[in-house]
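Below, each chain spelled out in residue letters.
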Amino acid sequence: MAHARKKLPAFPGTGDLKFRGFKGPVAYEILGDPASLRPGPLRLRGSICTTPEVAEAAFREGEGELTLEGGSTFRLQMLGHSAGSQTAYFEMRV
């Protein structure tokens, strides 16, 4: 019998994205509560929404930092982006 996966709540907001050559505001949506992350292998997934140029540059850079509205900062590993899209997808960890 297949187990149903629990759907994680979405946490949208605006924050500051930083990667080599860029620092500025972006909108984000994180699947799962960022406050629940602790140092270690656990990660949450999410996306940033910004201009197509910044989304592509962030994906090409591969990693960066996202500071949330509350001031918490997380490391990002970029996972995907479609050419011309305003959205880039990531995994985040402490």
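Residues numbered from 1 in each chain as written. Predicted model: local features only at pLDDT ≥ 70, side-chain atom pairs only at ≥ 80, totals over all residues. Heavy atoms only, no water.

Caption draft 1: Fine view of the overall build of the protein. When helices and strands are tallied, the protein shows 1 helix and 6 strands. Secondary structure of the protein in N-to-C order comes out as β-β-β-α-β-β-β. In terms of overall size, the protein behaves like a compact globule, its C-alpha atoms giving a radius of gyration of 13 Å where 94 residues would be expected to give roughly 12 Å. Taken along the three principal axes of its C-alpha coordinates, the protein extends 45 × 30 × 20 Å. Across the 94 residues of the protein, 35% fall into the buried class. Side-chain charges in the protein split into 12 positive and 10 negative, and the spacing between the mean points of these groups amounts to 8 Å. (Helix = DSSP H or I, 4+ residues; strand = E, 2+ residues; numbered from the N terminus. Rg over C-alpha atoms; globule rule 2.2 N^0.38 Å. Buried < 20%, exposed > 50% of the residue type's maximum accessible area, 1.4 Å probe, protein only. Lys, Arg positive; Asp, Glu negative; His and termini not counted. Charge placed at Lys NZ, Arg CZ, Asp CG, Glu CD.)

Caption draft 2: Main features of the packing of aromatic side chains. Tallying each qualifying case throughout the model produces 1 aromatic pair. With 5.2 Å between their ring centres and 25° between their planes, Phe19 and Phe22 make a pair best called stacked. By relative accessible area, which is 11% here, Phe19 ends up buried. The exposure class assigned to Phe22 is partly exposed, which follows from its relative accessible area of 22%. (Phe/Tyr/Trp six-rings, centres within 6.5 Å; stacked < 30°, edge-to-face > 60°.)

Caption draft 3: Fine view of the sheet that holds strand β2 (residues 22-31). Spatial strand order, β1-β2-β3-β6-β5-β4: 6 strands in a closed barrel with antiparallel pairing. When the angles between neighbouring strand axes are averaged without regard to direction, this sheet yields 45°. Two strands pair when backbone bridges link them, and strand β1 (residues 10-19) and strand β4 (residues 63-67) are joined in this way by 3 bridges, in the antiparallel orientation. Residue Lys18 lies in a different strand from β4, and its bridge partner there is Glu65. Along the sheet face, helix α1 (residues 52-61) touches β1, β2, β3 (44-49), β4, β5 (73-81) and β6 (87-93) and points at about 100° away from the line of β5. (Pairing = 2+ DSSP bridges. Axes fitted to C-alpha atoms, helices over the stretch in contact; angles between N-to-C directions. Contact = heavy atoms within 4.5 Å.)

Caption draft 4: Region of the structure containing the side chain of Ser47. Assignment of secondary structure puts Ser47 in strand β3. Discounting residues that sit within four places of it in the chain, Ser47 has contacts with Ala27, Tyr28, Glu29, Thr87, Ala88, Tyr89 and Phe90.

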